[in-house]
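Structural features, examined
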Amino acid sequence: MNIDSNNYKKFTLFILVLVGISTLIMYGISAYFEKQGIKIPWWIETPSIPSIYALLFLAFDKIFWKLSFFKKWGIIVADDLNGEWKGIVKSSHDNFQNETPVELEITQSATKIKICGVFNQSKSVSIHENFGRSEVDNQTALFYFFRNEPRYDAVETMAIHEGAVKLLHNPQKKTLSGYYFSGRDRNNHGTIEVTKVE
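Residues numbered from 1 in each chain as written. Predicted model: local features only at pLDDT ≥ 70, side-chain atom pairs only at ≥ 80, totals over all residues. Heavy atoms only, no water.

Here we look at the overall build of the chain
Secondary structure summary: the chain contains three helices and eight strands in total. Going from N to C terminus, the chain has its helices and strands arranged as α-α-α-β-β-β-β-β-β-β-β. Put simply, the chain has 198 residues, and 33% of those count as buried. Looking at the chain alone, contacts between residues at least 24 apart form 47% of all its contacts between residues at least 6 apart. On the chain, roughly 12,800 Å² of surface is accessible, and the fraction owed to carbon and sulfur atoms is 58%. (Helix = DSSP H or I, 4+ residues; strand = E, 2+ residues; numbered from the N terminus. Buried < 20%, exposed > 50% of the residue type's maximum accessible area, 1.4 Å probe, protein only. Contact = heavy atoms within 4.5 Å. Areas by Shrake-Rupley, 256 points an atom, 1.4 Å probe, with all protein chains shown as cover.)

The following block contains the structure:
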């Protein structure tokens with residue numbers, strides 16, 4: 001989600017602005033019909049303020065949140081990470097000796113983000129996601145919990161497990177890098193670095 005404790009006030013103000021715009025649009029529609037002498041039959045429902053607001057927010061949530069000025073104004077805290085990312089994972093399981101290929105598919109809107117991962121012997125999906133700003137370096141990071149399920153032909157030591165990931169975005173290099181921890185079933189940790197596929 002692109003909302004956190006650092007920007008919820010600005011986001012709330014933005015919602016109120018959308019409500020105000022919706023009210024003005026509804027007033028404009030009503031005034032236009034009245035000026036034109038158009039009487040709308042009772043069985044035709046005119047747009048209401050909530051319905052106009054819903055359309056405006058839907059357009060913002062799916063499309064317009066990506067515009068850079070929303071981030072500059074502090075309404076959105078994260079970059080647009082939508083798309084496919086490819087890279088490597090290193091694990092404490094083998095003392096960081098091997099590089100495991102990884103592919104991440106990220107689907108993001110203003111209010112949601114979902115991360116699906118494909119590894120050589122398993123797949124993962126995020127089950128809780130959010131962005132947070134570090135008080136140490138003031139960087140915004142993507143945090144998520146995941147559930148990983150091995151392929152049917154994976155080695156016997158592979159098991160369904162859960163874990164947590166922290167990733168930092170470098171817009172210049174178009175990379176996501178960070179680390180992960182797996183749950184008690186595997187008790188591993190490691191690093192992950194992926195690059196955006198253009």
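As for a nonpolar patch on the surface
A contiguous nonpolar surface patch, about 430 Å² in accessible area, is contributed by Leu13, Leu16, Val17, Ile21 and Ile25. By the secondary structure assignment, Leu16 is in helix H1 (residues 8–35). Judged by relative accessible area, Leu16 falls into the exposed class, the value being 56%. (Patch = residues over 30% accessible without salt bridge, like charges linked within 9 Å, V, L, I, M, F, W, Y side chains within 5 Å. Salt bridge = Lys/Arg side-chain N within 4 Å of Asp/Glu carboxyl O.)

Describing the sheet that holds strand S2 (residues 100–108)
Spatially, S1-S2-S3-S4-S5-S6-S7-S8 is the arrangement adopted by the eight strands of the closed barrel, whose pairing is antiparallel. Adjacent strand axes in the sheet meet at a mean angle of 30° when their direction is disregarded. In this sheet, strand S4 (residues 122–133) lies alongside strand S3 (residues 113–119) in antiparallel orientation, the contact comprising three bridges. For Cys116, the partnering residue across the bridge sits in S4 and is Val125. (Pairing = 2+ DSSP bridges. Axes fitted to C-alpha atoms, helices over the stretch in contact; angles between N-to-C directions.)

Looking at the pattern of salt bridges
Going through the model one piece at a time under the given rule, you end up with nine salt bridges. Three or more residues are tied together by salt bridges with common partners; here these are Glu84, Lys86 and Glu103.

Section: H1
Note on helix geometry: an α-helix contains 3.6 residues per turn, so any two residues three or four positions apart are oriented the same way. Across its 28 residues, H1 extends 40 Å between first and last C-alpha, which sits within 8% of the 40 Å expected from 1.5 Å per residue. Within H1, burial applies to Phe11, Phe14, Ile15, Leu18, Ser22 and Met26. On its buried side, H1 packs onto helix H2 (49–62) and helix H3 (68–72). Downstream of H1 by a residue or two, Gly37 has a phi angle that is positive, lying close to 70°. (Expected span 1.5 Å × (residues − 1).)

Some details on the environment of Asn120
Position of Asn120 relative to the elements: it lies in the loop between S3 and S4. Asn120 has contacts with Thr100, Pro101 and Arg151, leaving out every residue within four places of it along the chain.

Some thoughts on the nonpolar core
Within soluble globular proteins, side chains that are nonpolar generally end up buried alongside one another. Of all hydrophobic cores here, the largest spans 21 residues; its most connected members are Leu81, Leu104 and Tyr144. Breaking this core down by element, the ones donating at least two residues are strand S1 (83–91), S2, S3, strand S5 (140–150), strand S6 (161–170), strand S7 (175–182) and strand S8 (189–196). If near-sequence neighbours (up to four positions away) are discounted, Tyr144 is found in contact with Leu104, Ile115, Ser126, His128, Glu129, Gly163, Ala164, Val165 and Leu167. Judged by nonpolar contacts, the second largest core, of eleven residues, contains Phe14, Ile15, Phe70 and Ile76. (Core = buried A, V, L, I, M, F, W, Y, C linked by side-chain atoms within 4.5 Å.)

Some words on H2
In this model H2 runs 20 Å from its N-terminal to its C-terminal C-alpha over 14 residues, within 8% of the 20 Å that 1.5 Å per residue would give. Residues of H2 that are buried include every one of Ile52, Phe57, Phe60 and Asp61, and no others. Projected onto a plane normal to the axis of H2, the buried residues spread over an arc of 165° and lie on a single side. As for H2, its buried residues are in contact with H1 and H3. (Arc of directions from axis to C-beta.)

Topic: the side chain of Gln108
Turning to its location among the elements, Gln108 is positioned in strand S2. Assessed through its relative accessible area of 7%, Gln108 is described here as buried. Within the structure, Gln108 has its side chain in polar contact with the backbone oxygen of Asp79 (distance 3.1 Å). Here Leu81 takes part through its backbone nitrogen, which lies 2.6 Å from a polar atom of the side chain of Gln108. (Polar contact = N/O pair within 3.5 Å; in protein donor to acceptor, adjacent residues only side chain to side chain.)

Quick look at the pairing of S4
Sheet faces and side chains relate simply in a regular strand, where the side chains alternate between the two faces. Once S3 ends, the chain turns through two residues before running back antiparallel as S4. Pairing between S4 and S5: eleven bridges, direction antiparallel. Within the sheet, the bridge partner assigned to Ser126 lies in S5 and is Phe146.

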